[in-house]
Every structure is written in C-alpha cells, then in structure tokens.
Amino acid sequence: FPSHDNNDEQENDNSENIEPDAPEQEDGESKAEFTEREKQYYARIKKLEQELKDAKSGTKTKIAIKNFEIQMRRLYWSLVANNESLKISDELLKSANSLLAESKKRFQNSIAEKDEVARYEALVAQRKGSILLLEFQRENLIQTLKLALPELGNDVKVGSYNIDDTITKVLACTEPIS
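In this report, the structure presented in the accompanying data block is examined. (Residues numbered from 1 in each chain as written. Predicted model: local features only at pLDDT ≥ 70, side-chain atom pairs only at ≥ 80, totals over all residues. Heavy atoms only, no water.)

Let's shift gears to the overall build of the protein chain. Scanning the protein chain for helices and strands turns up four helices and zero strands. Considering the protein chain as a whole, with its 178 residues, one finds that 15% of them fall into the buried category. For the protein chain, contacts bridging at least 24 residues in sequence account for 61% of all contacts bridging at least 6. Accessible surface for the protein chain amounts to roughly 14,900 Å². Of this, 53% is attributable to carbon and sulfur atoms. (Helix = DSSP H or I, 4+ residues; strand = E, 2+ residues; numbered from the N terminus. Buried < 20%, exposed > 50% of the residue type's maximum accessible area, 1.4 Å probe, protein only. Contact = heavy atoms within 4.5 Å. Areas by Shrake-Rupley, 256 points an atom, 1.4 Å probe, with all protein chains shown as cover.)

Structure (structure tokens):
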C-alpha cells in the first residue's frame, strides 16, 4: 500500500487549482513564458486598437467628403434657383415697366388717374428691390463658394444648365419613391 501523506494531498489539490496560464512562483522559465505571452497579447491589442483607429479615421474622412459634396450641391442648386429667380424678376420688371408706360399714357390722355400711375411706379420699385435682393443673395452664395473652394479665384459664374432636363430627371427619380 502506498503511504498517503497529508502533504501529498495538498500538493495535488494545489496543482488542480492553478490556472494553466498562471506562472509558477518557483519556476523562472514559466514567468518568462507568461511575460512573453503578455507582451504578445498587449501587442495584439495595440494592433487591433490601431486598426480600429485607422478604420474610424477612414470613416470620418468619408463622412467629411460626403458632407462637402452635399454642401457643394446645395450651393450649386441655390445658385441655379437664384439665377432662375433673377430671370423671372427681370421679366416681371419688364412687364411692370410696360404697365407703367401704358398708365402714364392713359394719364396724359386723362383716361387713368394719378393713383394708378403711382401704383405702377411702386410695382416697378418693388421689382427693382427684388432684383437687388436676389443679386445680393447671389453674391453671398458666390462668396460662400469661394470660401469653400478658394482655388476658383475671383471669376465665378453660373454655367449653362437645362432646367427642363433637370426637372425631368428629378421627377423621374422621385416617381419610384411615391
């Protein structure tokens, strides 16, 4: 019969409770292995953190580029809308001027009263004011564009565009949505 010592039982119990990754106190080689594993583990963590940081940075860059594109599109379409408004306001001013001229002729012929002439003069002034406001807004839009794209220089103009084609394309895109 083998002899059972209390010390042997304690050693067996202790060896079962020791985790496989934990270093043994007496063995210097096991400590070195554990330290090496720690270094590899922390190196892996740092590598993963850097990859995550790079991915996050790339995503932020993509978002910034998309935001810039959206801002430029908004600016472009604001300039187009402003240009269209100016065209309409010019036509309305021409119409108001012709109405004013007709009312002045009628007034000279004693067919119209002075208040009618004053009303058309006010309409002409209103149309001119609208044009001045639209020109001011256009200048602000161009300034914003120059700030966003300084390489454009001082000569910024709205290029040619076909508003009818654009409307058709936009409506074609929105048709499937509804």
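Here the narrative resumes, following the displayed structure.
A rise of 1.5 Å per residue sets the reference length of helix α3 (residues 114-148), with its 35 residues, at 51 Å; its end C-alpha atoms lie 51 Å apart and thus fit the reference within 8%. Burial in α3 covers these residues: E116, V117, Y120, V124, I131, L134, L141, I142, L145 and K146. (Expected span 1.5 Å × (residues − 1).)

We now examine unusual backbone geometry. At S110, a position not held by glycine, the phi torsion is positive, near 65°. Along the chain, the position of S110 falls in the loop between α2 (28-108) and α3.

In this structure, L86, L93, A96, L100, V117, Y120, V124, I131 and L134 together form the largest nonpolar core, which totals nine residues. For this core, the secondary-structure elements that each account for two or more residues are α2 and α3. Broken down by element, this core gets its largest block of residues, five residues, from α3. Filtering out sequence-adjacent residues up to four positions away, L93 remains in contact with V124, R127, K128 and I131. (Core = buried A, V, L, I, M, F, W, Y, C linked by side-chain atoms within 4.5 Å.)

Positionally, K157 belongs in the loop between α3 and α4 (163-177). The class for K157 is exposed, based on a relative accessible area of 67%. Taking C-alpha positions, K157 is 8.3 Å from I142, a pair spaced 15 residues apart along the chain.

Residue placement: K146 occurs in helix α3. An unpaired buried charge is present at K146: no salt bridge exists, and E139, the closest side chain of opposite charge, is 6.0 Å distant. Not counting residues within four places of it along the chain, the set of residues in contact with K146 comprises G153, N154 and V156. (Lys, Arg positive; Asp, Glu negative; His and termini not counted. Salt bridge = Lys/Arg side-chain N within 4 Å of Asp/Glu carboxyl O.)

Inspection of every chain in the model, using the stated rule, returns two aromatic pairs. Taking 5.5 Å as the distance between ring centres and 65° as the angle between the ring planes, the aromatic pair formed by Y41 and Y42 counts as edge-to-face. Residue classification places Y42 among the partly exposed residues on the basis of a relative accessible area of 49%. Aromatic side chains Y76 and W77 sit 5.0 Å apart centroid to centroid with 80° between the ring planes, which places their arrangement in the edge-to-face category. Taking the relative accessible area as the measure of exposure, Y76 reaches 35% and is therefore partly exposed. What makes W77 partly exposed here is its relative accessible area of 39%. One Lys or Arg, R119, reaches over the ring of Y120 and ends 5.8 Å from the middle of that ring. (Phe/Tyr/Trp six-rings, centres within 6.5 Å; stacked < 30°, edge-to-face > 60°. Lys NZ or Arg CZ within 6 Å of the ring centre and 35° of its normal.)

Let's shift gears to the pattern of salt bridges. Taken as a whole, this structure holds five salt bridges when the rule is applied. E69 is the partner of K66 in a salt bridge, and the nearest nitrogen-oxygen pair spans 3.7 Å. With K66 and E69 both in helix α2 and three residues apart, this pair spans about one turn of that helix. By relative accessible area, which is 34% here, E69 ends up partly exposed. For E102, the salt bridge is made with R106, and the minimal N-O distance between the two is 4.0 Å. Remark: R106 and E102 occur in helix α2; sequence separation between them is four residues, near one turn of the helix. On the accessibility criterion, R106 (27% relative accessible area) is partly exposed. Sharing partners across several salt bridges, the network here consists of E102, R106 and E116.

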